[in-house]
Amino acid sequence: GVPGPLGAVPALAVAAAMSVFVTRRIPAEGLRVLSQASGCRVQQWDSEEPVPRAELLAGVAGTRGLLCLLSDRIDREVLDAAGPGLKVISTLSVGFDHLALDEIKKRGIRVGYTPDVLTDATAELSVALLLSACRRLPEAAEQVKSGGWTTWKPLWMCGHGLSDSTVGIVGLGRIGQAVARRLKPFGVRKFLYTGSGPKPESAAEFGAEFVPLTRLAEESDFVVVTCALTPATQGMCNKDFFGRMKKTSVFVNTSRGAVVNQEDLYEALAQGQIAAAGLDVTTPEPLPTDHPLLSLRNCVILPHIGSATYATRSAMAVLAAKNLLAGLRGEPMPHELQL
């Protein structure tokens, strides 16, 4: 054939190299970053609701880039459907337990994620949840509405305060440190932490002591879980863990639901083995409205809103878009997950 005008082929090649699939309606700022990138062809599942599996498999076919959410299970089936052209996966989350990392690594696909930008919002929410649970805020607010508030009573609606307490943090990463930083001014007496290994530099700021999980459970007045979900942390907060906690202690989880054995948590709360719990994450999500945990007065459950501030979600979307574009162009990503 006769060669076309100069530049025609590269333009086509660029279009193919920059085809992306976005699995949900995301904050406009993030989408704008993609649509303004030269040669980037965006296909999107334009809905507030998750993309159905069949639509996901069809949508990824032949694309170079995938921008997904933590509710999208990106497994071998999705990778096969995408085909060998898939070069980058960018997730709008700090967690990556929804990604089949072994498969992804095997295929040489790069992964971007969104740490840092959601640290403060998630830490604030963790503190809000801790205070709501320990001071019984939802329960108390309900009493006002239902007529349970009659007169001032010395022991009515009493909870547990942070002043002079011991706080145990499971996973002293970015979010765990940001939680400790916010709790310290409440007059916490001592911080304990556990994880895959000691982090002396991070712990120094709070004088936090590295201890085994069992000791953290036994000595903490408040336990805050901010670790990643991995095979090692799956179901880690179980019957044995709650059995070691004080009767007056409060358990808070803002990491991933599967870190907790929910049946064991229900028993611990129902039998008064621990005082209260606050969860921003559950299994499954959403939690069925008839779930036993929702029948308990001493359990505050939120719908996974850790990073839910307008500014944070917008920053996450922009970062996810920038990670995706950098990956497509073969450049360093602002935040790449090292596989």
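Residues numbered from 1 in each chain as written. Predicted model: local features only at pLDDT ≥ 70, side-chain atom pairs only at ≥ 80, totals over all residues. Heavy atoms only, no water.

Per an unreviewed UniProt entry, the recorded name for the chain is Glyoxylate reductase/hydroxypyruvate reductase, and the organism is Vidua chalybeata. UniProt's Sequence similarities (unreviewed entry) comment on the chain is quoted here verbatim: "Belongs to the D-isomer specific 2-hydroxyacid dehydrogenase family." (UniProt positions renumbered as here; feature names shortened; annotations may be inferred.)

On the basis of which strands lie adjacent, the open sheet formed by five strands has the order β2-β1-β3-β4-β5 and parallel pairing. Only two strands of the sheet have a single partner each, and these edge strands are β2 (41–44) and β5 (110–112). Averaged over all pairs of adjacent strands, the angle between strand axes in this sheet comes to 20°, irrespective of strand direction. Note that strand β3 (residues 65–68) and strand β4 (residues 88–91) share four bridges and pair parallel. Across the sheet, Cys-68 pairs through a bridge with Thr-91, a residue of β4. Helix α13 (residues 310–328) contacts β1 (19–22), β3, β4 and β5 of the sheet and is inclined by roughly 170° relative to β4. (Pairing = 2+ DSSP bridges. Helix = DSSP H or I, 4+ residues; strand = E, 2+ residues; numbered from the N terminus. Axes fitted to C-alpha atoms, helices over the stretch in contact; angles between N-to-C directions. Contact = heavy atoms within 4.5 Å.)

The tally for this structure, following the rule as stated, stands at six aromatic pairs. Ring centres of Phe-241 and Phe-242 lie 5.6 Å apart, and the angle between their planes is 80°; on these two criteria the pair is classed as edge-to-face. As far as burial versus exposure is concerned, Phe-241 and Phe-242 are alike and both buried. Among the aromatic side chains, those forming a connected cluster through ring pairs are Phe-241, Phe-242 and Phe-251. A cation sits over an aromatic face here: Lys-153 above Trp-156, 4.6 Å from the ring centre. (Phe/Tyr/Trp six-rings, centres within 6.5 Å; stacked < 30°, edge-to-face > 60°. Buried < 20%, exposed > 50% of the residue type's maximum accessible area, 1.4 Å probe, protein only. Lys NZ or Arg CZ within 6 Å of the ring centre and 35° of its normal.)

Turning next to the UniProt feature "domain: D-isomer specific 2-hydroxyacid dehydrogenase NAD-binding" (unreviewed entry) in the chain. As recorded in UniProt, the feature "domain: D-isomer specific 2-hydroxyacid dehydrogenase NAD-binding" (unreviewed entry) lies at residues 127–306. Secondary structure across residues 127–306 comprises 31% helix and 15% strand; the distance between its end C-alpha atoms is 10 Å.

What follows covers the nonpolar core. The biggest cluster of nonpolar side chains holds 48 residues, and the ones touching the most others in it are Leu-34, Leu-130, Val-167, Leu-183 and Phe-191. Mapped by element, the contributors of at least two residues to this core are β1, α6 (119–134), β6 (166–170), α8 (174–183), β7 (190–194), β9 (222–225), β10 (250–253) and α13. Built from parts of two domains, this core gets at least three residues from each of domain 1 (18–116 + 311–337) and domain 2 (118–147 + 155–301). The residues contacting Phe-191, other than those within four sequence positions of it, are Val-167, Ile-169, Ala-180, Leu-183, Lys-184, Phe-206, Gly-207, Ala-208 and Glu-209. (Core = buried A, V, L, I, M, F, W, Y, C linked by side-chain atoms within 4.5 Å. Domains from an automatic or database assignment.)

Before going further, it helps to examine the confidence of the model for the chain. On average, the chain scores 94 in pLDDT, and the residues at 70 or more come to 95%. Overall, residues 2–12 carries pLDDT values under 50, and its contacts beyond four positions in sequence, including any with other chains, amount to zero contacts. (pLDDT = per-residue confidence, 0-100.)

Here we come to the pattern of salt bridges. Here the structure, examined in full by the defined rule, presents 23 salt bridges. Close ionic contact of Arg-53 with Glu-77 constitutes a salt bridge, the shortest N to O distance being 3.0 Å. A residue pair is termed long-range when its members are at least 10 positions apart, and Arg-53 in helix α3 (residues 53–60) and Glu-77 in helix α4 (residues 76–82) qualify at 24 residues. For Arg-53, a relative accessible area of 26% puts it in the partly exposed group. Notably, a salt bridge pairs Arg-76 with Glu-103, separated by 2.9 Å at the nearest N-O pair. Residue Arg-76 is located in helix α4, and its partner Glu-103 is located in helix α5 (residues 101–106); the two are separated by 27 residues in the primary sequence. (Salt bridge = Lys/Arg side-chain N within 4 Å of Asp/Glu carboxyl O.)

Attention now moves to helix α12 (residues 262–270). Taken together, the buried positions of α12 are occupied by Gln-262, Asp-264, Leu-265, Ala-268 and Leu-269. The buried residues of α12 occupy an angular sector of 155° when projected down its axis, which confines them to one face. The inward-facing, buried residues of α12 abut α11 (239–244), β10, β11 (276–279) and β12 (299–301). Of the residues that open α12, the one with a side-chain oxygen 3.1 Å from the backbone nitrogen of Glu-263 is Asn-261. Of the residues flanking the end of α12, it is Gly-272, one or two places downstream, whose phi is positive at about 70°. (Arc of directions from axis to C-beta. Polar contact = N/O pair within 3.5 Å; in protein donor to acceptor, adjacent residues only side chain to side chain.)

Attention shifts here to the packing of α6 against α8. One way to put it is that α6 packs onto α8 with a least axis distance of 9 Å and a crossing angle of 55°. Classified by the angle between their axes, α6 and α8 sit oblique to one another. Between α6 and α8 the crossing geometry is right-handed. Contact residues: Thr-119, Asp-120, Thr-122, Ala-123, Glu-124, Ser-126, Val-127 and Leu-130 in α6; Arg-174, Ile-175, Ala-178, Val-179, Arg-182 and Leu-183 in α8. Within the contact of α6 with α8, the residues separate by chemical class into seven nonpolar, three polar and four charged. (Parallel < 35°, antiparallel > 145°, perpendicular 65-115°, else oblique. Left-handed = near helix turned anticlockwise from the far one by under 90°. Nonpolar A, V, L, I, M, F, W, Y, C, P; charged D, E, K, R; others polar.)

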